[in-house]
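# Inside the fold
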Amino acid sequence: MAIKLPIYMDYHATTPVDQRVVETMLPYFHEKFGNAASRNHSFGWTAEEAVENARAQIASLINASPKEIIFTSGATESNNLAIKGAAEMYREKGNHIITQVIEHKAVLDTCKRLEKYGYEVTYLPVGKDGRIDLDDLRKAITNKTILISIMYANNEIGVIQPVQEIGKIAKEHGILFHSDAVQALGKIPIDVQKDNLDMISLTAHKLYGPKGCGALYVRRRNPRVQLSAQIDGGGHERGMRSGTLNVPGIVGFGKAAELCQQEMATESARLSGLRDRLKDAIFGKLDEVYINGSMTHRLPHNINISFAFVEGESLLMGINDIAVSSGSACTSATLEPSYVLKALGVGEDLAHTSIRFGLGRFNTLEEVDYVSSRVIEVVERLRELSPLYEMAKEGIDLSKLNWKTAAEH
Amino acid sequence: MAYSDKVVDHYEHPRNVGSLPKDDPNVGTGLVGAPECGDVMRLQMKINPETQVIEEAKFKTFGCGSAIASSSLATEWVKGKTVSEALAISNTDIVRELSLPPVKIHCSVLAEDAIKAAIEDWKKKKEVSAPAANATAGN
């Protein structure tokens, strides 16, 4: 079978909108364009009905009640609303928030801002496997702790946190538990009841829905979570998020959630099979390759590999017909290698050589085989070019060299 | 990030990849950068002690495409030049030739450093091996 290039294998960044989702959305642009908040004519009723249908589809995917879904513009807004909204609402109860170092910037930077306003934030470390230690969490809790925010699964390494246990601890202490679940939603089962989740951030574009449409699950019973709105206006979404609803986007989000719910079991089995095939091919051919983060507690479609002695951006350049991403500094705006890998204790030298493969619905077996053979070919070529690989093969311990003066040796 | 055609060309067809015998008294080796920074260049030159002409140059680089291109270009440029001519090569010449964007200027700096370090190494070797010199400054 002929392969169409370039190949997209960066599904953690975003996903294409499923054609079935597009079809569902289309009528809501022109024909059924009403404002869901228009209460006195059929245009509004049609839009409202579509929104409520989507709310139910999304709620069903996480075992929530439709009323607990608050639509937003995306997960960044959801994270902001959950954390700032809870911090403001429960300020009298306490000013302490617990999160962890490998959260997405939408959580970390939100917490940093709250620190400026007098809140205290504990950033839990993670182990080599990328998971927090529950004892660290217990120890961090004080009588001022109002919120724990720990992501469901990480966007770079795909590592899944012990969410159920965290939820239990939070519940025992009467602390709210928020989780950024964008990478896990639709990929692995999420159950807000079983997982003791009080709030979770969701987004459509990571599960084959459109961009610019997200949601926050906000628990209504046991406990009833209250949030201070961060966007004021017409009082939409139970007063928690004003603004005219993005009806086509929401309709698409709902359909995408429904498809994920129907297809999750077969899809995740297929993707983890492809992922393992990719990993096995690479590990069968190349030495000095390392998996970053736990392999047991990992999303089925993720693998993050460091190719020692080959700088990530140069590898990306060699496989430019394949879309993946790297933790190398050269590919980021900050010129710092991935803070996630650093937090795992991956040395900066290895962080520079990491590649994230995010598989998804439209990847085929042929594509996976093409990707593994291209990666192997380019890594071998670049290692021929790498002085570090040569030195390592000569038995030189690179970590022992004083690199500033290495030229004099 | 888009790469210039010249960077792509050097990346795809790097010139003068390889090693020279580093114990040869006429070979100077420059190893600059650090793995933690994502760039390490090793530039080696074989220099004729009589004429001071760089007869051969080889490199190996761990780094991004621009780092590979900068060092590949450096080997091309130093070959056939005298030591003093090679020392006159500046990183801005490399930036211009490869149309490097501002975030990649450090790659060109590293290549200039590698040229200087290799020549420095060769000079040191010469002092040590020169019969007149007091051979006490060994490394």
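Read on for a plain summary of the structure. This one's a predicted model, so the numbers in the text were calculated from it and none came from an experiment.

### As for the nonpolar core
Residues and elements named next belong to chain A.
- Counting residues in hydrophobic clusters, the biggest one holds 67 residues, and the most contacted among them are I62 and F253.
- Looking at this core, the element that brings in the most residues is helix 7 (residues 247-285), giving nine residues.
- In this structure, this core is formed jointly by two domains, domain 1 (7-12 + 263-395) and domain 2 (19-259), each of which donates at least three residues.
- In contact with F253, other than residues within four places in its own chain, are I58, F71, L185, L202, T203, A204, L207, P210, C213, G214 and A215.

### Considering the sheet that holds strand 1 (residues 27-34) of chain B
Residue and element names in this part refer to chain B.
- The strand order across the open sheet built from three strands is 1-2-3, with neighbouring strands paired in antiparallel fashion. Strands at the two margins of the open sheet, each flanked by one partner only, are strand 1 and strand 3 (54-62). Averaged over all neighbouring strand pairs, the angle between strand axes comes to 10°, with direction disregarded.
- In the packing of helix 2 (residues 65-78) onto the sheet, the strands contacted are strand 2 (39-47) and strand 3, and the crossing angle to strand 3 comes to about 175°.

### Points about the packing of aromatic side chains
- All chains considered together, the criterion is met by six aromatic pairs over all chains.
- Centroid distance Y11 of chain A to Y208 of chain A: 6.0 Å. Interplanar angle 55°. Geometry classified as tilted. Here the residue Y11 of chain A occupies a position in the loop between strand 1 (7-8) and helix 1 (19-25), and Y208 of chain A occupies one in the loop between strand 7 (199-203) and strand 8 (214-218), the gap between them amounting to 197 residues.
- Between F71 of chain A and F253 of chain A the ring centres are 6.5 Å apart and the planes differ by 65°, which places this aromatic pair in the edge-to-face class. One end of the pair, F71 of chain A, is in strand 2 (residues 69-72); the other, F253 of chain A, is in helix 7, and 182 residues separate them in sequence. Of the two residues, F71 of chain A and F253 of chain A, both sit in the buried class.
- In textbook terms, an aromatic cluster arises when at least three aromatic residues are bridged by ring pairs, as seen for Y8, Y11, Y208 and F362 of chain A.
- Between the NZ or CZ atom of R361 of chain A and the centre of the ring of Y208 of chain A, over which it lies, the distance is 4.0 Å.
- Here R381 of chain A stacks its cationic end above the ring of Y11 of chain B, 4.9 Å away from the centre of that ring.

Rules used in this analysis
Residues numbered from 1 in each chain as written. Chains lettered and ligands numbered in written order. Predicted model: local features only at pLDDT ≥ 70, side-chain atom pairs only at ≥ 80, totals over all residues. Heavy atoms only, no water. Core = buried A, V, L, I, M, F, W, Y, C linked by side-chain atoms within 4.5 Å. Buried < 20%, exposed > 50% of the residue type's maximum accessible area, 1.4 Å probe, protein only. Helix = DSSP H or I, 4+ residues; strand = E, 2+ residues; numbered from the N terminus. Domains from an automatic or database assignment. Contact = heavy atoms within 4.5 Å. Pairing = 2+ DSSP bridges. Axes fitted to C-alpha atoms, helices over the stretch in contact; angles between N-to-C directions. Phe/Tyr/Trp six-rings, centres within 6.5 Å; stacked < 30°, edge-to-face > 60°. Lys NZ or Arg CZ within 6 Å of the ring centre and 35° of its normal.

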